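Here's the letter readout for the chains.
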Amino acid sequence: MSELPNNLDDAIAQAQQATQAAIAAGRTRLQVELAFPELKIMPVAEKFIPAFEDLGSQLRVFFPDAGSAALARRDWGEKPYSIRAMGEMRAEIQPEDKLFVFVEPSAVEIAQVEKLCETALDRPVVLLNPRLEDIATIGIGYAGRQLRDRLLSTFESCYYLKPLEGAALLRSFPDPWQVWIEKDTGYQLIAEEPQKPVGEALDEIFARATGQPTAQQTSRKGLLSGLQQFLRALSQ
């Protein structure tokens, strides 16, 4: 059974293990999400990707834009794998490539991601902290939402960690989705679900476990306090 990580490094290590296990089980479209507000992706990616460096040049890492890719190449030093922006001419997928990691793709790059996924065929593709939910706010419209939903329907969350008010939601492949609640002695597992619990389903889990109002009914101040406390705990 998965356990809540003690800090951010432990969460990244857990994400690496879950991704490796999913790939070994034959999964080819994977999402890894550390759903923390204001989390900076570059240091997370720098720590996550070395788990796959043994693939050498058969590993391809893609960033949303040329600036991010250039920054990674500069700060990470010499690497055995390619680091490119999705739109670069040199970003074409080659027959010998074996694994593709997309770092924080956004709704703007959704068409490029889908095209590269189609070229990858049955080779594993990992979306690391995708930012695809903001598509409605940038004016892409109905067709863009359809494209996003079509693409995401082919992906599985092999790792997901999100702090909630006095609780946390975790999925670490191959384990089911887990809901944890904060107690005086630490976090306690209160539910395991085959599908991601959201909305009313999550409310009902909290209600059964605590008899208290749902997480959505807590104050905004309490929510922010809980998030900050969880992030501080994970950053220690």
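Nothing here was measured: the structure is a model prediction, and the numbers come from that model.

What counts, and where the lines are drawn
Residues numbered from 1 in each chain as written. Predicted model: local features only at pLDDT ≥ 70, side-chain atom pairs only at ≥ 80, totals over all residues. Heavy atoms only, no water. Pairing = 2+ DSSP bridges. Helix = DSSP H or I, 4+ residues; strand = E, 2+ residues; numbered from the N terminus. Axes fitted to C-alpha atoms, helices over the stretch in contact; angles between N-to-C directions. Expected span 1.5 Å × (residues − 1). Buried < 20%, exposed > 50% of the residue type's maximum accessible area, 1.4 Å probe, protein only. Contact = heavy atoms within 4.5 Å. Polar contact = N/O pair within 3.5 Å; in protein donor to acceptor, adjacent residues only side chain to side chain. Arc of directions from axis to C-beta. Phe/Tyr/Trp six-rings, centres within 6.5 Å; stacked < 30°, edge-to-face > 60°.

A. A look at the sheet that holds strand S3 (residues 82-85). An order of S3-S2-S4-S5-S1-S6-S7-S8-S9 is seen for the 9 strands of this open sheet, with the pairing classed as mixed. Strand pairing shows two members of the sheet lacking a second neighbour, S3 and strand S9 (186-193), which therefore form its edges. Averaged over all neighbouring strand pairs, the angle between strand axes comes to 20°, with direction disregarded. With 7 bridges connecting them, strand S8 (residues 177-183) and S9 associate as antiparallel partners. Counted as the bridge partner of glutamine 178 is glutamate 192 from S9.

B. Expanded view of helix H1 (residues 8-24). Taking 1.5 Å as the rise per residue, H1 with 17 residues should run 24 Å; its terminal C-alpha atoms sit 24 Å apart, in good agreement. What H1 keeps buried is the set Ala11, Ile12, Gln14, Ala15, Gln16, Ala18, Thr19 and Ala22. Looking at the buried positions of H1, the neighbouring elements they touch are strand S1 (29-34), helix H2 (41-48), strand S5 (125-128), strand S6 (156-164) and strand S7 (167-172). Among the residues of H1, the N-terminal cap falls to asparagine 7, whose side-chain oxygen and the backbone nitrogen of aspartate 9 are separated by 3.2 Å. A positive backbone phi angle near 95° is found at glycine 26, which sits one or two residues after H1.

C. Representation of helix H6 (residues 199-210). Taking 1.5 Å of rise per residue, 12 residues should cover 16 Å, and H6 covers 17 Å from first to last C-alpha, within 8% of that figure. Those residues of H6 that sit buried are Leu202, Asp203, Ile205 and Phe206. Taken around the axis of H6, the buried residues stretch over an arc of 160°, which confines them to a single face. For H6, the exposed residues set more than 90 degrees away from the buried face come down to Glu200 and Arg208. Taken from the residues just after H6, glycine 211 is the one with a positive phi, measuring 70°.

D. Region of interest: the packing of aromatic side chains. The full count for this structure, using the stated rule, is 4 aromatic pairs. Taken together, a centroid distance of 5.1 Å and an interplanar angle of 20° make the contact between phenylalanine 62 and phenylalanine 102 stacked. Linking phenylalanine 62 in strand S2 (residues 59-63) with phenylalanine 102 in strand S4 (residues 99-103), this pair joins segments that are 40 residues apart in sequence. You can call phenylalanine 102 buried: its relative accessible area is 0%.

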